[in-house]
Amino acid sequence: MNGYNTIDDFKLENKTILLRVDFNLPLNKKTLEIIDTTRIERVLPTIKELINKNSKIVIIAHQGRRGDWDFTDMRKHAEALKKLIGKNVKFIDDIYGIKARTAIKSMKQGDVIMLDNVRKYNNETENKTPEEHAKSELVQNLYPLADYFINDAFAAAHRKQCSLTGFTAVLPSAAGRLMQKELETLSKIVANPEKPSVFLFGGAKFSDLIITIERLLENKTADKIILTGLPANAFLKAEGINLGDKNEEILGKEGTPENYQEIKKLLTKYKDSIYLPLDFAQQTNTSRNEIDISNLPTQYNLFDIGKKTIDSFKNIISDAKTVFLSGPCGVFENPAFMKGTEEIFTHVANLDVFSIVGGGHTVAAVEKLGLENKISHISTGGGALEKFMMGEKLPAVEALKNAKNRNKK
Ligand code: 3PG
Ligand code: MG
């Protein structure tokens, strides 16, 4: 049916499970404390189900990237999980060495342990096939101690990394409940979105978005694209509008002539499907002040969409049956510039549409506005979600599918 196994396909009672999750969390830069545990909470159905089956659960996860300030061990993650499940979660400061192996061997039924940040293993992020990764020290040391591999790390499924794919070549493997729910919900939308479908992109990055928008329109996954935030500014600039020095500066490294050229091509090809702001809110000395795009350039920062734009975008969204939200409409952390995000997101939440939200900042905005229960699907994915919506295959999911096929033979 799905092409991959789920928890329902195996008898996991009293078995040892290697469970790969995505607990890559936002941390406080000064204290390194965890700011938001959403990604842990979303894996709880899988963990609780496995505890009820008396399985031994060995959690494998990553935090940050090597060399980055948020590249930490997993001790705090284990603590946070312990609080959420009300059961001890032992942190092991080792990944596959003697300490980790001894800890796994001495587990009792229903025990949960968390191994250290798997990206501390040098070969974790190498670009290899599952079969090649299966020969790694990580897989060779851990897989003989386990009966099954379960992947619940949807948000990392766009990576080919060792712990995400290598075990599928040597252990019976399944998708966890979160992975399953994300894939089932999002597949329906990619294959057959209820029409019309409107995709709204905002936030602070735009170079990856050019290809995403092109694919969404080409595949007819999206009927209309609405742009806010920095992507909107970049698209307006590509159309020849002078935003003012401050605003052009913010476009930064992504503002290359090649990118503007690509945007121009996209705008020519899909002129009637891409909607850009009509006005903005700028930060003058007295705070919020609205300006029409015909009055640009400005010496002030454009930090939000203006009222005309909000009304026009709300109108477009009102006709939709599927709405995808990725990225806030402005600098929503600043109360004076939250209006665009607040009005658009609240409008979507109150409509009878299938709404999908993805990406860390977007989910944070939805939670800040208290709308989380009115959104149809809140994805844990950022990059993975984007790739999936574009119609790209996710290597970790492909690995689960191959594992299922292999077992059939
Ligand atoms: C993410 O948060 O994007 C995933 O955990 C993958 O992490 P990465 O982008 O550092 O590979
Ligand atoms: Mg990422």
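One can find the structure itself at the top, above this paragraph.
Anyway, here's the lowdown on the structure attached to this text. Numbering of residues starts from 1 in each chain and follows the order in which that chain's sequence is written. As a convention, the first chain written is A and the first ligand written is 1, with the rest following in written order. Given that the model is predicted, a residue must reach a pLDDT of at least 70 before its local features are reported, and side-chain atom pairs must reach 80 or more before they are shown or counted; all residues, however, enter totals for whole chains, interfaces and linings. Excluding hydrogens and water, the side-chain values take into account all heavy atoms of the structure.

1. Comments concerning the site of ligand 1
The full set of residues close to ligand 1 is Asp22, Asn24, Arg39, His62, Arg65, Arg119, Ala155 and Arg159. N or O atoms within 3.5 Å of each other form a polar contact, as long as, within protein, one can give a hydrogen and the other can take it, and as long as residues adjacent in sequence are counted only when both atoms are side-chain atoms. Here Asp22 contributes a side-chain N or O atom positioned 2.6 Å from an oxygen atom of ligand 1. The separation between an oxygen atom of ligand 1 and a polar side-chain atom of Arg119 is 2.8 Å. Its free accessible area being 300 Å², ligand 1 has 85% of it covered by the protein chains. Under the convention adopted here, Pro, Cys and the residues Ala, Val, Leu, Ile, Met, Phe, Trp and Tyr are nonpolar, Asp, Glu, Lys and Arg are charged, and Gly plus all remaining residues are polar. Among the residues making up the shell around ligand 1, the classes are represented as 1 nonpolar, 2 polar and 5 charged. Definition of nearness: a residue and a molecule or strand are near each other if at least one heavy atom of the residue lies within 4 Å of the molecule or strand. Only the protein chains shown count as covering a residue, and every accessible area follows the Shrake-Rupley method with a 1.4 Å probe.

2. A few points about the sheet that holds strand β1 (residues 16-20)
Between any two strands, pairing holds if DSSP finds at least two bridges. Note on conventions: DSSP H or I runs of at least 4 residues are helices, E runs of at least 2 residues are strands, and numbering of each starts at the N terminus. Taken in spatial order, the 6 strands of this open sheet run β3-β4-β2-β1-β5-β6, and their pairing is parallel. Of all strands in the sheet, those with a lone pairing partner are β3 (89-91) and β6 (173-175), marking the two edges. Recorded for the sheet is a direction-independent mean angle of 25° between the axes of neighbouring strands. Here 5 bridges tie β1 to strand β2 (residues 56-60), and the two strands are oriented parallel to one another. When the sheet's bridge partners are listed, Arg20 is paired in β2 with Ile60. For every element, the axis is a line fit to its C-alpha atoms; helices are fit only across the contacting stretch, and the angle between N-to-C directions ranges from 0 to 180 degrees.

3. Examining the packing of aromatic side chains
Any two rings among Phe, Tyr and Trp, with Trp reduced to its six-membered ring, count as a pair given centres within 6.5 Å; such a pair is stacked if its planes are under 30 degrees apart, edge-to-face if over 60, and tilted if neither. According to the stated counting rule, one finds 7 aromatic pairs in the structure shown. Centre to centre, the rings of Phe199 and Phe201 are 6.4 Å apart; their planes meet at 35°, and the pair counts as tilted. The burial state of Phe199 is the same as that of Phe201; both residues are buried. For the pair Phe303 and Phe337, a centre-to-centre distance of 5.4 Å together with 80° between the ring planes defines the contact as edge-to-face. Separated by 34 residues along the polypeptide, Phe303 in strand β12 (residues 301-305) and Phe337 in the loop between β13 (322-326) and α14 (339-350) bring together distant segments of the chain. Here Phe303 matches Phe337 in class, with each residue buried. An aromatic cluster is defined as three or more aromatic residues linked by ring pairs; in this entry it consists of Phe199, Phe201 and Phe324. Lysine NZ or arginine CZ positioned within 6 Å of the ring centre and within 35 degrees of the ring normal marks a charge as sitting over the ring. Positioned above the aromatic ring of Tyr260, the side-chain terminus of Lys237 is 5.2 Å from the ring centre. When a residue's accessible area, from a 1.4 Å probe over protein chains only, is under 20% of the maximum for its type it is buried; when over 50% it is exposed; and in between it is partly exposed.

4. Comments concerning the layout of surface pockets
Residues are called lining when one of their atoms sits within 4 Å of a cavity or pocket point, these points coming from a 1 Å grid over the protein atoms alone, where a cavity is a set in which a 1.4 Å probe fits but cannot get out and a pocket is an open set with protein on both sides within 12 Å along at least five of seven lines. Grid points are joined across faces, edges and corners, and a volume is the space filled by probe spheres set on the points. Computed from the structure, the second largest pocket encloses a volume of approximately 270 Å³. Of all the elements in the fold, those that place two or more residues in the lining of the second largest pocket are α8 (177-191) and α17 (395-408). At 4 residues, α8 tops the list of elements feeding residues into the lining of the second largest pocket. Tallied by class, residues from the lining of the second largest pocket come to 6 nonpolar, 3 polar and 5 charged.

5. Overview of the pairing of strand β5 (residues 148-151)
Burial along β5 is two-sided: the residues Tyr148 and Ile150 and Phe149 and Asn151 are all buried. Bridge analysis of β1 against β5 gives 4 bridges, and the strand direction is parallel. From the neighbouring strand, Leu18 faces β5, where its bridge partner is Phe149. Across 3 bridges, the pairing between β5 and β6 is parallel. In the sheet register, Asn151 faces β6, and the bridge partner there is Ala175.

6. Quick notes on the environment of Asn373
Relative to the helices and strands, Asn373 resides in the loop between α15 (360-368) and β15 (377-378). Sequence-wise, Asn373 and Lys264 are 109 residues apart; in three dimensions their C-alpha atoms are separated by 38 Å.

7. Structural notes on the pattern of salt bridges
Salt bridges are counted wherever a side-chain nitrogen of Lys or Arg sits within 4 Å of a carboxyl oxygen of Asp or Glu. Considering all chains together, one arrives at 21 salt bridges under this definition. The partner of Lys53 in a salt bridge is Glu13, and the shortest N-O contact between them spans 3.8 Å. Of this pair, Lys53 sits in the loop between α2 (44-52) and β2 while Glu13 sits in the segment before β1; the two residues are 40 residues apart in sequence, bridging distant segments of the chain. In this structure, Arg406 and Glu131 form a salt bridge, with 3.4 Å as the shortest nitrogen-oxygen distance. In this pair, Arg406 sits in helix α17 while Glu131 sits in helix α5 (residues 130-133), placing the two residues 275 residues apart along the sequence. With relative accessibility at 33%, the residue Arg406 sits in the partly exposed group. On the basis of relative accessible area, Glu131 is assigned to the partly exposed category, the value being 42%.

8. Notes on helix α12 (residues 257-269)
Each full turn of the α-helix corresponds to 3.6 residues, which orients residues three or four apart in the same direction. Multiplying one less than the number of residues by 1.5 Å gives the expected span of a helix. Under the 1.5 Å per step criterion, the end-to-end length of α12 is 18 Å for 13 residues, consistent within 8% with the ideal 18 Å. Within α12, burial applies to Asn259, Tyr260, Ile263, Leu266 and Leu267. Axial view of α12: buried residues confined to an arc of 120°, hence all on one face. More than 90 degrees from the buried face of α12, the exposed residues found are Pro257, Glu258, Lys265, Thr268 and Lys269. On its buried face, α12 sits against α9 (207-218), α10 (229-238) and β9 (274-275). The arc refers to the directions leading from the helix axis to the C-beta atoms. Contact between two residues is taken to exist if any of their heavy atoms lie within 4.5 Å; hydrogens are not considered.

9. Here's the deal with unusual backbone geometry
Between Lys195 and Pro196 the backbone carries a cis peptide bond, its omega angle lying at -5°. Considering the arrangement of structural elements, one finds Pro196 in the loop between α8 and β7 (197-201). Put simply, Leu296 and Pro297 share a cis peptide bond, and its omega is 10°. If you trace the backbone, Pro297 turns up in the loop between β11 (287-292) and β12. Backbone geometry at Lys220 places phi at a positive 60°, although glycine is not the residue there. As for its position among the elements, Lys220 is in the loop between α9 and β8 (224-227).

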